[in-house]
Amino acid sequence: MRKSTGGTRRLPWAMLAAPALAGIPAGILWWLLAPGGLNLITRDSALATGANPATWLPRDLTLGAVLLFAGCLLAVFLVDGRRPHRQAALMLALTGAALGALVAWQAGMAAARLWSPPVDASANASIAFSLRAWPVLLLWPAATAIAVFALEVLDVGGRKRSGTAGGANGLVAEP
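Every chain begins its residue count from 1, and numbering advances along the sequence as written. In view of the model being predicted, local features appear only for residues whose pLDDT reaches at least 70, and side-chain atom pairs are presented and counted only at 80 or more, with totals across whole chains, interfaces and linings using the full set of residues. With hydrogens and water set aside, each side-chain value is computed from the structure's full complement of heavy atoms.

Caption draft 1: Region of interest: the confidence of the model for the chain. pLDDT is a residue-level measure of predictor confidence that goes from 0 to 100. This prediction gives the chain a mean pLDDT of 85; 83% of its residues lie at or above 70. Pairs of residues are marked as contacts when any of their non-hydrogen atoms sit within 4.5 Å. pLDDT under 50 marks residues 166-175. Its contacts with residues more than four places away, or in other chains, come to four contacts.

Caption draft 2: Main features of the packing of helix 2 (residues 56-78) against helix 3 (residues 86-115). Interaxial angles span 0 to 180 degrees and are taken between N-to-C directions of axes, which are lines fitted to C-alpha atoms, for helices over the stretch in contact. Secondary structure counts use DSSP, requiring at least four H or I residues in a row for a helix and at least two E residues in a row for a strand, with both numbered from the N terminus. Contact geometry for helix 2 and helix 3: axes closest at 11 Å, N-to-C directions at 155 degrees. Of the possible angle classes, the one that applies to helix 2 and helix 3 is roughly antiparallel. For the pair helix 2 and helix 3, the crossing hand works out as right-handed. Contacts between helix 2 and helix 3 involve Leu67, Leu74 and Leu78 on the former and, on the latter, Ala89, Leu90, Ala93, Ala97, Ala101 and Ala104. Just so you know how the angles are binned, under 35 degrees is roughly parallel, over 145 roughly antiparallel, 65 to 115 roughly perpendicular, and the rest oblique. Take the far helix as your reference; a near helix turned counterclockwise from it by less than a right angle gives a left-handed crossing, and one turned clockwise gives a right-handed crossing.

Caption draft 3: Up close: helix 1 (residues 14-33). Across its 20 residues, helix 1 extends 28 Å between first and last C-alpha, which sits within 8% of the 28 Å expected from 1.5 Å per residue. Working definition for bend: take the seven residues up to and ending at a residue and the seven starting at it, fit an axis to each, and measure the angle between the axes. Along its length, helix 1 shows its largest kink, about 30 degrees, at Ile24, and proline Pro25 lies within four residues downstream of that point. Burial status follows relative accessibility: with a 1.4 Å probe on protein chains alone, a residue under 20% of its type maximum counts as buried, one over 50% as exposed, and anything between as partly exposed. Looking only at helix 1, the buried set comprises Met15, Pro19, Ala20, Gly23, Ala26, Gly27, Trp30 and Trp31. Expected helix span is given by 1.5 Å per residue-to-residue step, counting one fewer step than there are residues.

Given below as structure tokens:
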């Protein structure tokens, strides 16, 4: 076992915990916005209940949009050049994003059970506020990974251009 010294840096465990905990408000936001939930986006009474099969896809797409936004937001926090252990932070954040998506799904369904009127889902389980398209849960970590990649590529291009402007390694060669 290795003895830890005062100079070693700790892994950024907050990058795991923050997205996982952020799943709670994301799930509640999903229930607030989605058809079959509180339905704040459309406010269409035909889409107010899950008994209408036309609400099932928009309900899943609403969760997808919330998770996509959360993934892009997480990527912005990850692309901080001053962060130590950048690869570890990325891996922890992707794991936290996957956990956050699961938490968001469960929090949205819990919000529906708590604040929606009781629903008879005996005809089809999708009548109750639920998720039919399971791959939607992969959007948060996927959006995070793609956005981090895109932001890093843009940042490297920006650094490369500014670094070569003054000559090799940013230094001006003297004649």
